[in-house]
Amino acid sequence: MLAKRFEHILHDLGMAGLEHPLFYHAPVGIRFKIGGEEPIYLDRRAAKLKTNPAYVQGALDRAAAIYRALPVVPDLLRIDGYPDEEPAESLLTVIRQRVGLPVPDEQLSATEQDEDGDTHAQVQFYWDLSKISFQPELLLREIILGDIGGWNGFVSSVYLAGPGPFLYHLYDDRGLDVLGGSQKLLLPLYHQFHDWILEYDLEKIDQMFAPAKE
């Protein structure tokens, strides 16, 4: 079962479950800044804000570069939906239409507790990426657009995982968490994309990877 496999990956990452922000609940991880310096919108005075294509493309270029540099190609995709807001069938239709995914290999009903302690119905969709034709950049673009003019169902709801283990979580246009089972696993990402590490967490991340440098 893919859901069980995902659970085992979280356990091997040293996490009891998915608690956001993921970076602050995982022993080993890197938090990257994805949005660039370009303005998000072309003209803030306009009646309807128009997203700046240069900002979107810059964010996508960063997210895609990190995706391509992962230890191995992710082979497990999980997307969460919240049927309180929209029926699970409608959620899945939107997901599949926007990113060209087939019917999920597995679907699981669950509940999620928010920061206030309130419980919400949740549906988890799982795909075995090794068995399908998957275009990651379509999905990454939709996540980036989610908070700035797209469909917000992808925001903080998409998880890509693989052996190592590792978890790739682009939460919106601003940032991306990559979690790993060891410092050694993520060390190439740390070196290659050091300039993109979120400044707020840079000192903590540098300390985390300092022993691995030796």
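By convention here, each chain's residues receive numbers from 1 onward along its written sequence. Where totals are concerned, whole chains, interfaces and linings use all residues; where local detail is concerned, this predicted model gives features only for residues with pLDDT of at least 70, and gives and counts side-chain atom pairs only at 80 or more. The side-chain figures draw on all heavy atoms in the structure; neither hydrogens nor water molecules are used.

- An unreviewed UniProt entry annotates the protein as DUF3885 domain-containing protein originating from Faecalibacterium prausnitzii.

**Description of the pairing of strand β7 (residues 175–180)**
At step 1: Most of β7 is tucked away, with 6 of its 6 residues classed as buried.
At step 2: Pairing between strands is defined by DSSP: at least two bridges between them are needed. Labels follow the DSSP assignment, with helices taken as runs of H or I lasting at least four residues and strands as runs of E lasting at least two, numbered in each case from the N terminus. Here strand β1 (residues 29–33) pairs with β7 via 5 bridges, running antiparallel. Of the residues in β7, the one forming a bridge with Arg-31 is Asp-177.
At step 3: For strand β6 (residues 166–170) and β7, the ladder comprises 5 bridges, and the chain directions are antiparallel. Bridge pairing in β7 links Leu-170 to Leu-176. Note on classification: 1.4 Å probe, protein chains only; a residue is buried when its accessible area is under 20% of the maximum for its type, exposed when over 50%, partly exposed between these limits.

**Examining the nonpolar core**
At step 1: With 54 residues, the main nonpolar core has Leu-77 and Tyr-168 as its most contacted residues.
At step 2: The criterion is simple. A nonpolar core is a set of buried Ala, Val, Leu, Ile, Met, Phe, Trp, Tyr and Cys residues joined through side-chain atoms within 4.5 Å. Grouped together as the second largest cluster of nonpolar side chains are 15 residues, Ala-3, Leu-10, Leu-13 and Leu-22 included.

**Thoughts on the environment of Glu-112**
At step 1: Summarising the element assignment, Glu-112 is placed in strand β3 (residues 106–113).
At step 2: In this structure Glu-112 comes out as partly exposed when scored by relative accessible area, which is 24%.
At step 3: Sequence separation between Glu-112 and Leu-18 is 94 residues; the distance between their C-alpha atoms is 9.5 Å.
At step 4: Here a residue-residue contact requires only that any non-hydrogen atoms of the pair lie within 4.5 Å. Here Glu-112 is in contact with Tyr-82, Asp-118, Thr-119, His-120 and Gln-122, once residues within four sequence places are set aside.
At step 5: In the analysis that follows, any N or O atom pair within 3.5 Å is treated as a polar contact, provided that within protein one partner can donate a hydrogen and the other can accept it, and provided that, for residues neighboring in sequence, both atoms belong to side chains. Within polar-contact distance, the side chain of Glu-112 engages the side chain of Tyr-82 at 2.9 Å.
At step 6: Separated by 3.3 Å, the side chains of Glu-112 and Gln-122 make a polar contact.

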